[in-house]
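# Chain and residue survey
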Amino acid sequence: MTDTVAKAPDEKSDNWKILLRLLALCAEQKGRVLRSLILQMVLLGMQLVGLSFIGAGVDYLKFTFTDAEGVANWPLAWTPPVSWEAGSMLTFAVGAALLAAFLRSVLMWWATRDSAILIHEYVVPKIRRQVFQKLQQLHFGNFDTQTSGWLINRVTGDITAIRLFAETIIIDTIILILTVVIYIAFMAQISPFLTLVCLATLPLMVAASLIFSKVIRPQYLERKKAFDHMILFFAE
């Protein structure tokens, strides 16, 4: 029991050190990372503009053809000409929403391409070079104590795990945080009460994610060992 308690802080500190090293590895390409984040923010802006035009069109129909009183709030502080009729207003709203969706799809392709170039042409090749150089510096006794399957899996499987971490954890987490912040600000302008209602399940989702990670971690380590044995079996 004492050994387990004593090792727990070391394991946590090691995890934080590994996380900081992975972040530093991605931070070496600051320009591309910053460009990816800017593209993602522009994508969010285009999505909000499209939704704003659709909402303004719905508000225009409500205020024009019902007894409701009010004026449609068009995005980007734009005001339609007074001479426009209902058909022209709706055509413009739909066209603006479709144009925003088209531009967003083009920017999405660009952002995905830029992210793939960052991961597969800069981060992963550098990790492979560093791992290969480290293997060349190891003493021959390490190759006698470690099985070939373990070494092969470390070189291939762990690099793939690092790639997935950089691709799906670092970038996607930053994008998720930006999305949540921007959408909360956008929703709070419309209705603060409904915003709080929509966010009521967020703590439960975070708690469920933490519990799931703790439950799945031992199974992941067992799967990792089984995969090492499988690689060893086929290699031999």
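Residues numbered from 1 in each chain as written. Predicted model: local features only at pLDDT ≥ 70, side-chain atom pairs only at ≥ 80, totals over all residues. Heavy atoms only, no water.

## Regarding the overall build of the protein chain
The number of helices and strands found in the protein chain is 7 helices and 0 strands. Reading the protein chain from its N end, one meets helices and strands in the order α-α-α-α-α-α-α. In the protein chain, 73% of the contacts between residues at least 6 apart in sequence involve partners at least 24 apart. Roughly 17,000 Å² of accessible area belongs to the protein chain as shown, and the carbon and sulfur atoms make up 69% of that amount. (Helix = DSSP H or I, 4+ residues; strand = E, 2+ residues; numbered from the N terminus. Contact = heavy atoms within 4.5 Å. Areas by Shrake-Rupley, 256 points an atom, 1.4 Å probe, with all protein chains shown as cover.)

## A few points about the confidence of the model for the protein chain
Predicted confidence across the protein chain gives a mean pLDDT of 76, with 81% of residues reaching 70 or more. Across the protein chain, the secondary-structure element scoring lowest on mean pLDDT is helix α1 (residues 2-27), at 60, and the one scoring highest is helix α6 (residues 192-198), at 88. The low-confidence segment residues 1-9 (pLDDT under 50) makes 0 contacts with residues lying over four places distant or belonging to another chain. (pLDDT = per-residue confidence, 0-100.)

## Considering the side chain of serine 52
Within the fold, serine 52 resides in helix α2 (residues 30-65). Take serine 52: its relative accessible area is 18%, and that puts it in the buried class. Other than its neighbours up to four places away in sequence, serine 52 contacts Pro75 and Phe186. (Buried < 20%, exposed > 50% of the residue type's maximum accessible area, 1.4 Å probe, protein only.)

## What about the packing of α2 against helix α3 (residues 86-137)?
Two elements in contact, α2 and α3, have axes whose closest approach is 9 Å; the angle formed by their N-to-C orientations is 165°. In terms of their interaxial angle, α2 and α3 are classed as roughly antiparallel. Crossing geometry of α2 relative to α3 is assigned as left-handed. Of the residues contributing to the contact of α2 with α3, the split by class is 26 nonpolar, 6 polar and 4 charged. (Axes fitted to C-alpha atoms, helices over the stretch in contact; angles between N-to-C directions. Parallel < 35°, antiparallel > 145°, perpendicular 65-115°, else oblique. Left-handed = near helix turned anticlockwise from the far one by under 90°. Nonpolar A, V, L, I, M, F, W, Y, C, P; charged D, E, K, R; others polar.)

## A short note on the packing of aromatic side chains
The geometry of an aromatic ring pair comes down to the distance between the two centres and the angle between the two planes. Across all of its chains, the model carries 1 aromatic pair by this definition. Judged by centre distance (5.8 Å) and plane angle (75°), the ring pair of phenylalanine 53 and phenylalanine 92 falls under edge-to-face. Of this pair, phenylalanine 53 sits in helix α2 while phenylalanine 92 sits in helix α3, placing them 39 residues apart in sequence. The exposure class of phenylalanine 53 is buried, given its relative accessible area of 7%. (Phe/Tyr/Trp six-rings, centres within 6.5 Å; stacked < 30°, edge-to-face > 60°.)

## Some thoughts on α3
Here α3 contains 52 residues, and its C-alpha end-to-end distance of 75 Å stays within 8% of the 76 Å for a straight helix at 1.5 Å per residue. Maximal helix bending in α3 amounts to about 30°, located at valine 124; proline proline 125 follows within four positions. (Expected span 1.5 Å × (residues − 1). Bend = angle between axes of the 7 residues up to and from the residue.)

## Structural notes on the side chain of threonine 195
Along the chain, threonine 195 turns up in helix α6. Within the structure, the side chain of threonine 195 is placed 2.8 Å from the backbone oxygen of serine 191, a separation counted as a polar contact. Not counting the four nearest positions on each side in its chain, threonine 195 is found in contact with Ile184, Met187 and Ala188. (Polar contact = N/O pair within 3.5 Å; in protein donor to acceptor, adjacent residues only side chain to side chain.)

## A word on a nonpolar patch on the surface
On the surface, Leu99, Phe102, Leu103 and Val106 cluster together into a nonpolar patch covering about 370 Å² of accessible area. By secondary structure assignment, the location of valine 106 is in helix α3. (Patch = residues over 30% accessible without salt bridge, like charges linked within 9 Å, V, L, I, M, F, W, Y side chains within 5 Å. Salt bridge = Lys/Arg side-chain N within 4 Å of Asp/Glu carboxyl O.)

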